[in-house]
Amino acid sequence: MRYRRLGDSDLRVSEISLGSWLTYGGGVDDEAARACVDAALAAGINFIDTANVYALGAAEELLGDALKSRPRDSYVLATKLYFPMDDSGGNQGLSRAQVEKQIDDSLRRLRTDHVDLYQCHRYDRSTPLEETMSALNDVVRAGKARYIGFSEWSPQQIQAALDLSRERGYEKFVSSQPQYSMLHRDPEREVFPLCTANGISQIVWSPLAQGALSGKYRPGAPPPEGSRATSRRMGRLMGGWLEQDVLETVQRLLPVAERLGIAMAQLALAWVLRADEVASAIIGASRPEQVRENAAASGIELEGETLAEIDSILGR
């Protein structure tokens, strides 16, 4: 496993990280989830990403239980806040009250006194940015989080936060968490360069397009039994990734992986990690063998000819 520095922080994170969206705390039974965590740590994955909203706190609780016997300095732990935690209409967002409440709730579920990275899951248009940044600053100063980040913010929102941090002396963002894969390259245009210029690394989610880039889904064929697409809980958001044109594109990529002697998922992860802007690619796994296969993508370097071939297949 290789490691990369996360933005301007002193954190060194594994190139492959373990996520818990849709899987742990409900999508996968707890025994299998704990086995995945153990497999990840054994493979050298030191970075684990979650959020308060994943299974409405159950994912954090599962991870807290799975990690409780591990030395706290042996892993890097990240969580997030923003999305509703109930139907009250008030238990959500990035207000000072919510930042203070949600960090304490997350720490309790995770069974730790601090997270290494606390992230804004989305931008909160109903709360002044200054209020959010001031509250996040206080969370870091209180020792409840070491660093802060965001997910899916626009370039304008990112710049405004950077300007405010400079003006007020607040803690600065060190990470961005966008969706990024062979099939979704939007962040390359503006988010990547803006973040790189300001010491912010990318932690990318859905690098396998929710499994579509694993190659397991075939055009015109039903999803394999036991796959994410067949799960009522985990497959509900796959949507466009199962469209025929997408699956046909993936089939055209398969010979590239075969020629290199690697799995299609490893090719997709290695492609994401070709970008220096990316510190880590988050994987979602329901079985330990998936974790081990994906972890092995770290260190695979794709030559220029291969990258050009991939671009051609993708129509770039």
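Parameters at a glance
- Residues numbered from 1 in each chain as written.
- Predicted model: local features only at pLDDT ≥ 70, side-chain atom pairs only at ≥ 80, totals over all residues.
- Heavy atoms only, no water.
- 1 Å grid on protein atoms, 1.4 Å probe; cavity = no way out; pocket = protein on both sides within 12 Å on 5 of 7 lines; lining within 4 Å.
- Points joined across faces, edges and corners; volume = space filled by probe spheres on them.
- Nonpolar A, V, L, I, M, F, W, Y, C, P; charged D, E, K, R; others polar.
- Phe/Tyr/Trp six-rings, centres within 6.5 Å; stacked < 30°, edge-to-face > 60°.
- Helix = DSSP H or I, 4+ residues; strand = E, 2+ residues; numbered from the N terminus.
- Buried < 20%, exposed > 50% of the residue type's maximum accessible area, 1.4 Å probe, protein only.
- Lys NZ or Arg CZ within 6 Å of the ring centre and 35° of its normal.

Asks: Can you help me understand empty space enclosed by the protein in this one?
Replies: A probe matching the size of a water molecule, rolled over the atoms, marks out where space remains unfilled. Counted by the stated rule, this structure contains one cavity of 30 Å³ or more. What the largest cavity holds in volume is close to 30 Å³. Contributing to the lining of the largest cavity are Leu94, Tyr123, Asp124, Thr127, Leu129, Thr132 and Trp153. Taken together, the residues of the lining of the largest cavity break down into four nonpolar, two polar and one charged.

Asks: How should I be thinking about the packing of aromatic side chains in this particular structure?
Replies: A ring pair, where both rings are aromatic, is described by two values, the distance of the centres and the angle of the planes. Enumeration according to the criterion identifies eight aromatic pairs in this entry. The interplanar angle of 70° and the centroid separation of 5.1 Å between the aromatic rings of Phe150 and Phe173 together place this pair among those described as edge-to-face. Separated by 23 residues along the polypeptide, Phe150 in strand β7 (residues 145-150) and Phe173 in strand β8 (residues 173-176) bring together distant segments of the chain. Considered together, Phe150 and Phe173 belong to a single accessibility category, that of buried residues. With a centroid separation of 5.3 Å and 85° between ring planes, the pair formed by Trp153 and Phe173 is classed as edge-to-face. Taken together, the residues Trp153 in the loop between β7 and α5 (155-168) and Phe173 in strand β8 connect sequence positions 20 residues apart. Through pairs of rings, three or more aromatic residues link up here, namely Tyr123, Phe150, Trp153 and Phe173. One residue, Arg274, lies across the ring of Trp271, its end atom 3.7 Å from the ring centre.

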